[in-house]
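# Report on the structure
Single-letter residue listing:
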Amino acid sequence: MSKHSSKVIVTGGAGYIGSHTVVELVNAGYEPIIVDNFVNAEKSAIQGIETILERKVTVYEGDCADHDFMKGVIAQESDIVGLIHFAAYKAVGESVKKPLKYYRNNTDSLLTLLELMVEHNIHHIVFSSSCTVYGQPDKLPVTEESPKKPAESPYGNTKQICEEILEDCVNSEMPVNVVALRYFNPIGAHVSAQIGELPLGVPNNLVPFVTQTAAGIREKLTVFGNDYNTHDGTCLRDYIHVVDLAKAHVSALNYLGKKSEASTYNVFNIGTGTGSTVLDVINTFEDVNDIKLNYTIGPRRAGDVEKVYANVDYANTELNWKAELSLADALKDAWRWQLSLKKD
Ligand code: WQD
C-alpha cells in the first residue's frame, strides 16, 4: 500500500508535540487524522499547521477515551495504518493535586484505543512516553535497559502504567505492534513560528518560562537550585528540538510498517544524547537572541532529578533517526515563536 493512502490517527494532534508531528507526517507522505478535544490545545494550532502545509488537515473534535466517538472516526476513515497516541494530561504538579483525573484520562484513552485497534484490525501504535520513567538514573547516559524507578508523580506513574499495559497486550499476543518513545525534554518551535508551545497559565517548564520572562510577561525567572553535582550546580537535562522529536514519530511509523511479526513491543529513548544545565540554557538563550535575561537563583524544586540525559544509540540504529537541531536552534525558534504570540 502506498504511503499516500496511509492514514494515521493522531490523538492530541493539536497539541505541542502532536501539531509538529502532523506537519512531519504530511512531509513524509502520510495522511494524518487529528483527534483532539481541545482541552489542552487551541484551534489556532490547526490554522498554523494548515498555513505551514498550505493544505487542509482532517480534524475530529472529541475525546479519544470515548469509545463510540472513536468508533465513528474509524468508521468514517479508511486505510488507517496506525495511531500515534499523544493525548494525555501532562502537568506533573497538577497530577499530584488531582491524581484521579490523571489516572482516569491517561489510562482510559489508551485502553479505548487498544480495544478499537483489535476490533478494526489496526496494528500499529506509537505511544508517547517519557524519560520520567527512569527517575534519577544510577548510571548516565540512560539506555532503554536502565531500570525504571518508582514514579515521582501520578503523571509519571500513568506513563509507567501505560507502558505496562502495552507490554502485557503484546505478551498476550494481541495483534499489535507497539513503539513507545521515551521523550526527554522537548523544547523549541517550528521555524515558521506558525506552531509552538502554548502553555496555559504559568509555565511549569523551563523554556516557556525563559521566553515569557524575556518577553516581559513574567517579571523574572527563578533557577531552582545551583547546589547540584553538575558543572555549574544547576540541574542537567537532555533538551531536544520538538521538530526532531516529531520526526522520530515518522521514523517509528516507518519502522512499524516493516514489522513482519504480529505482536511486538519496542521502547526507544528520544533525546539528543547530550546534557545541558539550566544555566547552559539561559546562557545559550541570551547569546543566540542577544537578550539579557532577568533571573535569580532560588531553592531546589521538590521532585527534580539532578541529572538525566539519553543514550540514543538504539533509536539511531533501529529507527535510523538522529536529532539534527541544536540547543541554540531550539532557543532561537522558541524566542521567534514567543514574539509571534505577542503580536496576537
Ligand atoms: C527542567 C529544569 C527545573 C522551571 C518535566 C516533566 C517531564 C516532561 C518535561 C511531560 C529543571 C528547571 C524549571 C523554572 C527552573 N513533561 N527549572 N526554573 O522537570 O525536567 O520535566 O517536563 O512530558 O515529564 O517531568 O522539565 O522544564 O520543568 O525543568 O530552574 O522556572 O529546569 O528545576 O531542573 P522537567 P522542566
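First, a word on what this report is: a plain description of the structure on this page. (Residues numbered from 1 in each chain as written. Predicted model: local features only at pLDDT ≥ 70, side-chain atom pairs only at ≥ 80, totals over all residues. Heavy atoms only, no water.)

What follows deals with the site of the ligand. Tyr155, Leu206, Thr222, Arg237 and Asp304 are the nearest of the 19 residues found near the ligand. Contacts to the ligand include Asn185, whose side-chain N or O atom sits 3.0 Å from an oxygen atom. Contact with the protein chains removes 89% of the 690 Å² of surface that the ligand exposes when unbound. Taken together, the elements giving at least two residues each to the shell around the ligand come down to α7 (206–214) and β8 (221–224). Ranked by the residues each element gives to the shell around the ligand, the list is headed by β8, at 4 residues. Looking at the shell around the ligand residue by residue, the class counts come to 10 nonpolar, 6 polar and 3 charged. (Near = heavy atom within 4 Å. Polar contact = N/O pair within 3.5 Å; in protein donor to acceptor, adjacent residues only side chain to side chain. Areas by Shrake-Rupley, 256 points an atom, 1.4 Å probe, with all protein chains shown as cover. Helix = DSSP H or I, 4+ residues; strand = E, 2+ residues; numbered from the N terminus. Nonpolar A, V, L, I, M, F, W, Y, C, P; charged D, E, K, R; others polar.)

Their axes nearest at 11 Å, the elements α7 and helix α9 (residues 278–289) cross at an angle of 35°. Judged by the sense of rotation from one axis to the other, the crossing of α7 with α9 is right-handed. Contacts from Leu206, Val207, Val210, Thr211 and Ala214 in α7 reach Val278, Val281 and Phe285 in α9. Partitioning the contact of α7 with α9 into residue classes produces 7 nonpolar, 1 polar and no charged. (Axes fitted to C-alpha atoms, helices over the stretch in contact; angles between N-to-C directions. Left-handed = near helix turned anticlockwise from the far one by under 90°. Contact = heavy atoms within 4.5 Å.)

A few words on the state of the cysteines. Per the stated rule, a full pass over the model turns up 0 disulfides. We note that Cys131 lacks a disulfide partner, and the nearest cysteine sulfur, in Cys235, lies 12 Å from it. Residue Cys235 is classed as buried on the basis of its relative accessible area of 5%. (Disulfide = S-S within 2.5 Å. Buried < 20%, exposed > 50% of the residue type's maximum accessible area, 1.4 Å probe, protein only.)

Here we come to the pairing of strand β2 (residues 31–36). Of all the 6 residues making up β2, 6 are buried; the element is thus mostly covered by neighbouring parts of the structure. Handedness of the β-α-β unit built from strand β1 (residues 7–11), helix α1 (residues 16–27) and β2 comes out right-handed. Sheet topology note: the β2/strand β3 (residues 58–61) ladder contains 4 bridges and is parallel. Each residue of the ladder has a partner; that of Asp36, found in β3, is Glu61. Note on the crossover from β2 through helix α2 (residues 44–53) to β3: the handedness is right-handed. (Right-handed = clockwise from strand over helix to strand, strands pointing away. Pairing = 2+ DSSP bridges.)

Here the focus is the pattern of salt bridges. Evaluation of the coordinates by the stated rule reveals 16 salt bridges. Note that Glu61 and Lys43 form a salt bridge whose closest N and O atoms lie 3.1 Å from each other. On the criterion of sequence distance, the pair formed by Glu61 in strand β3 and Lys43 in the loop between β2 and α2 is long-range, its members being 18 residues apart. Under the relative-accessibility criterion, Glu61 is labelled partly exposed at 49%. The exposure class of Lys43 is partly exposed, given its relative accessible area of 43%. Here Glu119 and Lys71 are joined by a salt bridge, their closest N and O atoms 3.1 Å apart. A residue pair is termed long-range when its members are at least 10 positions apart, and Glu119 in helix α5 (residues 99–119) and Lys71 in helix α3 (residues 67–76) qualify at 48 residues. Classification of Glu119 as partly exposed rests on a relative accessible area of 40%. A relative accessible area of 33% means that Lys71 is categorised as partly exposed. (Salt bridge = Lys/Arg side-chain N within 4 Å of Asp/Glu carboxyl O.)

What follows is about the nonpolar core. Among the nonpolar cores identified, the biggest contains 41 residues, and Ile49, Leu181 and Ile270 are the most heavily contacted of them. Elements that contribute at least two residues to this core include exactly β1, α1, α2, β6 (177–183), α8 (242–257) and β11 (264–270). Look past the residues within four positions of Ile49 in its chain and what remains in contact with it is Gly13, Ser19, Val22, Val23, Ile34, Val57 and Ile195. Ile33, Leu83, Ala180 and Val267 belong to the second largest nonpolar core, which has 30 residues in total. (Core = buried A, V, L, I, M, F, W, Y, C linked by side-chain atoms within 4.5 Å.)

Take the environment of Val278 next. Here Val278 lies in helix α9. Through-space distance from the C-alpha of Val278 to that of Leu166 is 34 Å; in sequence the pair is 112 residues apart. Residues in contact with Val278, not counting those within four places in the same chain, are Leu206, Val223, Thr234 and Cys235.

We now examine the packing of aromatic side chains. What characterises a pair of aromatic rings is the spacing of the ring centres plus the angle enclosed by the ring planes. Applying the stated criterion across every chain, the model contains 5 aromatic pairs. Ring centres of Tyr255 and Phe268 lie 5.5 Å apart, and the angle between their planes is 90°; this geometry places the pair in the edge-to-face category. Residue Tyr255 is found in helix α8, and its partner Phe268 is found in strand β11; the two are separated by 13 residues along the sequence. Looking at Tyr255, the relative accessible area reads 10%, which means it is buried. Between Phe268 and Tyr314 the ring centres are 4.5 Å apart and the planes differ by 15°, which places this aromatic pair in the stacked class. Of this pair, Phe268 sits in strand β11 while Tyr314 sits in helix α10 (residues 313–318), and the two are 46 residues apart along the sequence. (Phe/Tyr/Trp six-rings, centres within 6.5 Å; stacked < 30°, edge-to-face > 60°.)

Moving on, we get to the side chain of Gln338. Within the secondary structure, Gln338 sits in helix α11 (residues 327–343). For Gln338, a relative accessible area of 5% gives the class buried. Side chain to side chain, Gln338 and Thr211 meet in a polar contact 2.9 Å long. In contact with Gln338, not counting residues within four places along its chain, are Pro208, Thr211, Gln212, Ala215 and Ile217.

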